[in-house]
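Per-entry structural report
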Amino acid sequence: MCKALVRHLLLGEENIRVEGAVIEALQRGERSIIFADIGNLLFDELACKSCLSTKGASGVFPCIYCKNVTTRGLSEHDASGYLVDVRCGDPRLFDARTDEELWFQADLLSELEPRLTLSQFREQQTRMGVTFNPDGILWDVELRAFFKPTEVQTYDSTHTFFCDGVCQKEMSLILGRLREIGQTYDVISTYFNTEWNFCAAMGGRRAPTILSEIFNKAREVHWLNTKSIGGSASDMLSVIGPFRFYLESNAALFTDLADAIQS
Ligand SMILES: [Zn+2]
């Protein structure tokens, strides 16, 4: 599907790359021709996995854009220190993968497929972090001049951070630590239920309502049962700023949590 769409846009008849598209400036009645290339792909992790035939978050290499970032615990067995654990937060240690390297892996899988046994071939794909898909976009040699999988990609921050993403995960974890020092949902919601004024960027007059909805009893029960606070992307966008303020302005009281607050 991804390949068909990209081929249609870039290589199809009357494509926008060569033939262009006519746009009309309605107010002035003028017409112009625009030409376009693919300059950015906005992916969340799952879309990336589906479009580029990678193994995704559950694979040995959870990020296709990093050659040396490995799944949890694996880097401990690497004496050279090249492999980096997926929990590492220091991007200076990440070794970026190039388009050529990704295409090389795709081509290598095509070569190996008829030669290896099924289990050997499966193991090879796991080792590379790529799933063999000869109909996939990585295997389309003609598209390679126009579609650069690692160069034009941006992880979609909404899905990565706010839709059941890093923010929910981090908040779920730190709420556990706060609970250990008596900062339960009750205490936190009391803090936010005092008189606060939030600017429009922080949710304005809606913000206190959202905060009390997020730290209410039902949500607490859900969090205790699932270890996840849930919450929609817009909930998260409203809650992250005030919650961060709550942590940082009380950091002196929560000295045992300095590492967690910083994270
Ligand atoms: Zn990465």
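What you see is a predicted model, and the numbers here were worked out from it, not measured in a lab.

So, how was this worked out
Residues numbered from 1 in each chain as written. Predicted model: local features only at pLDDT ≥ 70, side-chain atom pairs only at ≥ 80, totals over all residues. Helix = DSSP H or I, 4+ residues; strand = E, 2+ residues; numbered from the N terminus. Rg over C-alpha atoms; globule rule 2.2 N^0.38 Å. Buried ≥ 20, exposed ≤ 12 C-beta atoms within 10 Å, placed from the backbone. Contact = placed C-beta atoms within 7 Å. Axes fitted to C-alpha atoms, helices over the stretch in contact; angles between N-to-C directions. Parallel < 35°, antiparallel > 145°, perpendicular 65-115°, else oblique. Nonpolar A, V, L, I, M, F, W, Y, C, P; charged D, E, K, R; others polar. pLDDT = per-residue confidence, 0-100. Pairing = 2+ DSSP bridges. Arc of directions from axis to C-beta. Expected span 1.5 Å × (residues − 1).

Our focus in this paragraph is the overall build of the chain. A tally of regular secondary structure across the chain gives 11 helices and six strands. Taking 2.2 N^0.38 as the reference for a compact globule, 263 residues should give roughly 18 Å; the C-alpha atoms of the chain span a radius of gyration of 24 Å, well beyond that estimate. For the chain, the spread of C-alpha atoms along the three principal axes comes to 65 × 60 × 30 Å. Counting across all 263 residues of the chain, residues that qualify as buried make up 20%. Within the chain, contacts between residues at least 6 apart in sequence are counted, and of these 59% link residues at least 24 apart.

Now for the packing of helix H8 (residues 207-214) against helix H10 (residues 233-249). Two measures define how a pair of helices packs: the angle their axes make with one another and the distance between the axes. Across the interface, H8 lies against H10 with an axial gap of 10 Å and an inter-helix angle of 95°. With respect to H10, the element H8 is oriented roughly perpendicular. Where H8 approaches H10, its residues Ala 207, Ile 210, Leu 211 and Ile 214 are matched on the opposing element by Asp 235, Ser 238, Val 239 and Pro 242. For the contact of H8 with H10, the per-class residue count stands at six nonpolar, one polar and one charged.

Attention shifts here to the confidence of the model for the chain. Across the chain, the average pLDDT comes to 86, with 100% of residues at or above 70. The least confident element of the chain is helix H11 (residues 258-262), whose mean pLDDT is 77; the most confident is helix H3 (residues 99-112), at 95.

Strand S2 (residues 30-34) sits mainly on the outside: zero of its five residues count as buried. Both strand S1 (residues 21-25) and S2 contribute to a ladder of five bridges, which runs antiparallel. Considered in S2, the bridge of Ala 25 is made with Glu 30.

With that settled, the discussion passes to H8. Among the residues of H8, Ala 207, Ile 210, Leu 211 and Ile 214 are the ones counted as buried. Buried positions in H8, seen along its axis, are confined to an arc of 100° and lie on one side of it. Summarising the contacts, the buried residues of H8 are in contact with helix H7 (185-192), helix H9 (217-226) and H10.

Before going further, it helps to spend a moment on the environment of Glu 248. By the secondary structure assignment, Glu 248 is in helix H10. By the C-beta count within 10 Å, which is 12 here, Glu 248 ends up exposed. Along the sequence, Glu 248 and Arg 122 sit 126 residues apart, while their C-alpha atoms lie 48 Å from each other.

Even without being glycine, Asp 164 reaches a positive phi, approximately 50°. Taking the C-beta count within 10 Å as the criterion, Asp 164 has 15 such neighbours and is therefore assigned partly exposed. Unusually for a residue other than glycine, Lys 227 sits at a positive phi of about 65°. Assignment of secondary structure puts Lys 227 in the loop between H9 and H10.

Turning to H3, a few remarks are in order. Its 14 residues give H3 an end-to-end C-alpha distance of 20 Å, which sits within 8% of 20 Å, the value for a rise of 1.5 Å per residue. For H3, every residue scored as buried is listed here: Leu 102, Gln 105, Ala 106 and Leu 109. Down the axis, H3 shows its buried residues gathered within 95° of arc, on one side only. In H3, the exposed positions angled more than 90 degrees off the buried face are occupied by Glu 100, Glu 101, Phe 104, Ser 110 and Glu 111.

For the rest of this paragraph, the subject is the environment of Gly 89. Looking at the element boundaries, Gly 89 is found in the loop between strand S5 (84-85) and H3. Taking the C-alpha atoms as reference, Gly 89 lies 9.2 Å from Ser 263; in sequence the two are 174 residues apart.

Here Gly 59 is to be found in the loop between helix H2 (45-52) and strand S4 (69-70). Taking the number of C-beta atoms within 10 Å as the measure of exposure, Gly 59 has 20 and is therefore buried. Gly 59 sits 94 residues away from Gln 153 along the chain, and the two C-alpha atoms are 19 Å apart. With sequence-adjacent residues up to four places away left out, Gly 59 is seen in contact with Thr 71, Thr 126 and Gly 129.

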